[in-house]
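The primary structure of each chain is shown beneath.
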Amino acid sequence: MKIGFVLNKVATEACGTSVALMTKAHKMGHEVSAIGVGDFNLHHDGLITIDTTSVSVTKEVKTPEEYLEHLQGSEAETKRIEAISLDVLFIRNNPTEEGSDRKWAGQSGIAFGRMIQQLGVLVLNDAYALTKAFIDKLYFEELPKHIKPASIITRKKEDVLNFWEENGKKMVLKPLEGSGGQNVYLIDENQKNLNQIIDTLSDEGYIIAQEYLPDVKDGDIRVILMNGRVLEQDGQKAIIRRVSGEGEFRSNFSLGATANSSELTTAMEHIIEVTAPRLIADGFFFVGLDIVKDKLIEINVLSPGGLDHFSEIDLPDFTDTVIKAIERKLEYKKMHGNQLSNKVLATMH
């Protein structure tokens, strides 16, 4: 198959989940294209072209690190293709990682994804679902409240302070739009610059004030879902505990968290049972859930990661299962033609 991966920017892409998936697809013999959000072109006659970067299909690579080195090196192949020539477009860019000088880049990948989806290319996750959940923390708030910590989303300082009082003067503050644990604060009764923190966050947009969960001291659990089910390979489940470093309450790998193993608990199964029907109905193929004990604290639909850390706990990277699932979707598409919508195909097993 011809599969394009939409990234923030090819030249600056780090070696994470997207590169791991691209490497596996390449090793399985597929034509893999890397696409930055600035690489789409809409022509006057309606034609959509894409400026792609790729590693030669004949190039042998052993690791994602080696693949990325070739992709960003002088031997990488660059060419302009018609969007309709792709079989699959996998939207993997993370708008929250864009700097203030690239505000245009936030929704570009999803916007072009919608247009390319209309051409009949299989788009994952469904581009219209991504539009609906562009602010994934707001999408998270639409889920049933009993599986989530108490919270409030506001730009009003007095509402944040009232929430703090109501929750025993302990809470977590974070921006509505953000990722990687950036600008996330644990606020307790000894916080001296609370007003300043609130002012700083509200200057950037909406604030989430969230109930503090004491069990977060043991880290959180990242569960990768594919087609509404826990991603599995060789009898192993894509579940990983992220344990924060000394003096740090945030459990993000980008902030130094370490990987540990975790079983699928009854509480996790319940959270998945509650969230999966919504994810399937909306067309989300690949999703990350962050769980603390019996509460879902975050949902990642834009660019869920973590596959590159499973080797640290002696688990497979699960990329084989993901690429084979995409292959099956193309088989269904060929068998059923236009009778199955992109949204339905996106979550078919």
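This text follows the structure it describes.
Keep in mind that this is a model prediction, so the values were computed, not measured. (Residues numbered from 1 in each chain as written. Predicted model: local features only at pLDDT ≥ 70, side-chain atom pairs only at ≥ 80, totals over all residues. Heavy atoms only, no water.)

K.L.:
Give a detailed account of helix α6 (residues 157–166), specifying residues and quantitative values.
P.N.:
When we look at burial in α6, the residues that qualify are V160, F163 and W164. Axial view of α6: buried residues confined to an arc of 100°, hence all on one face. Seen from the open side of α6, the exposed residues pointing more than 90 degrees away from its buried face are E158 and E166. For α6, the elements touching its buried residues are β8 (151–154), β9 (171–175), β10 (185–187), α7 (194–204) and β11 (207–211). Backbone geometry just downstream of α6 places G168 in the positive-phi region, at approximately 70°. (Buried < 20%, exposed > 50% of the residue type's maximum accessible area, 1.4 Å probe, protein only. Helix = DSSP H or I, 4+ residues; strand = E, 2+ residues; numbered from the N terminus. Arc of directions from axis to C-beta. Contact = heavy atoms within 4.5 Å.)

K.L.:
Provide a residue-level description of the side chain of N41, including the pertinent values.
P.N.:
With respect to the secondary-structure elements, N41 resides in strand β3 (residues 40–42). At a separation of 3.3 Å, a polar atom in the side chain of N41 contacts the side chain of D51. Beyond its immediate sequence surroundings of up to four residues, N41 is in contact with L47, I48, T49, I50, D51, R80 and F112. (Polar contact = N/O pair within 3.5 Å; in protein donor to acceptor, adjacent residues only side chain to side chain.)

K.L.:
I'd like to hear about the pairing of strand β16 (residues 239–243), residue by residue, with values.
P.N.:
Two strands pair when backbone bridges link them, and strand β12 (residues 220–226) and β16 are joined in this way by 4 bridges, in the antiparallel orientation. Residue pairing across strands places R222 opposite I240, the latter belonging to β16. With 3 bridges connecting them, β16 and strand β17 (residues 258–260) associate as antiparallel partners. Residue pairing in the sheet places V243 in a bridge with T258 of β17. (Pairing = 2+ DSSP bridges.)

K.L.:
If you had to explain the packing of helix α1 (residues 17–27) against helix α2 (residues 64–71) to someone new, which residues and values would you point to?
P.N.:
Running from N to C, α1 and α2 point in directions that differ by 90°, and their axes come no closer than 9 Å. Considering the angle they form, α1 stands roughly perpendicular to α2. For the pair formed by α1 and α2, the contact residues are V19, A20, M22, T23 and H26 on the first element and P64, Y67, L68 and L71 on the second. (Axes fitted to C-alpha atoms, helices over the stretch in contact; angles between N-to-C directions. Parallel < 35°, antiparallel > 145°, perpendicular 65-115°, else oblique.)

K.L.:
Before we move on, could you go through the packing of aromatic side chains and cite the residues and values that matter?
P.N.:
Summed over all chains, the structure comprises 7 aromatic pairs. Here the aromatic rings of F90 and F285 are separated by 5.9 Å at their centres, their planes lie at 55°, and the arrangement is tilted. Here F90 is found in strand β6 (residues 88–91), whereas its partner F285 is found in the loop between α8 (266–282) and β18 (286–292), with 195 residues between them in sequence. Assessed through its relative accessible area of 2%, F90 is described here as buried. (Phe/Tyr/Trp six-rings, centres within 6.5 Å; stacked < 30°, edge-to-face > 60°.)

K.L.:
Please give an account of the nonpolar core that cites residues and values.
P.N.:
The nonpolar side chains of soluble globular proteins are, as a tendency, buried together. Counting residues in hydrophobic clusters, the biggest one holds 44 residues, and the most contacted among them are L89, V223, F284, L289 and I299. In this view, I299 contacts D136, Y139, F140, L143, L279, V287, G288 and L289; residues no more than four positions away in its chain are not counted. (Core = buried A, V, L, I, M, F, W, Y, C linked by side-chain atoms within 4.5 Å.)

K.L.:
Explain the sheet that holds β9 to me, using residue names and the numbers behind them.
P.N.:
Here we have 4 strands laid out as an open sheet, ordered β8-β11-β9-β10, and antiparallel in their pairing. Taken across any chain shown, the strands that pair with only one partner, and hence form the sheet edges, are β8 and β10. Neighbour-to-neighbour, the strand axes of the sheet open up by a mean angle of 20°, direction not taken into account. Bridge count between β8 and β11: 4 bridges; the pairing is antiparallel. Of the residues in β11, the one forming a bridge with I153 is I208. Strand contacts of α6: β8, β9, β10 and β11, with the helix running at about 170° to β8, the strand carrying the most contacts.

K.L.:
Mind laying out the side chain of S18, listing which residues take part and the relevant values?
P.N.:
Looking at the element boundaries, S18 is found in helix α1. By relative accessible area, which is 3% here, S18 ends up buried. Leave out the neighbours within four places in its chain, and S18 touches F5, L7, E13 and R92.

K.L.:
Let's hear about the environment of K174: which residues, and what values?
P.N.:
Of note, K174 is situated in strand β9. For the pair K174 and K157, spaced 17 residues apart in sequence, the C-alpha to C-alpha distance is 13 Å. Not counting chain neighbours up to four residues away, the residues in contact with K174 comprise K137, N183, V184, L201, Y206, I207, I208, Q210, I297 and E298.

So yeah, pure geometry; function would need other evidence.
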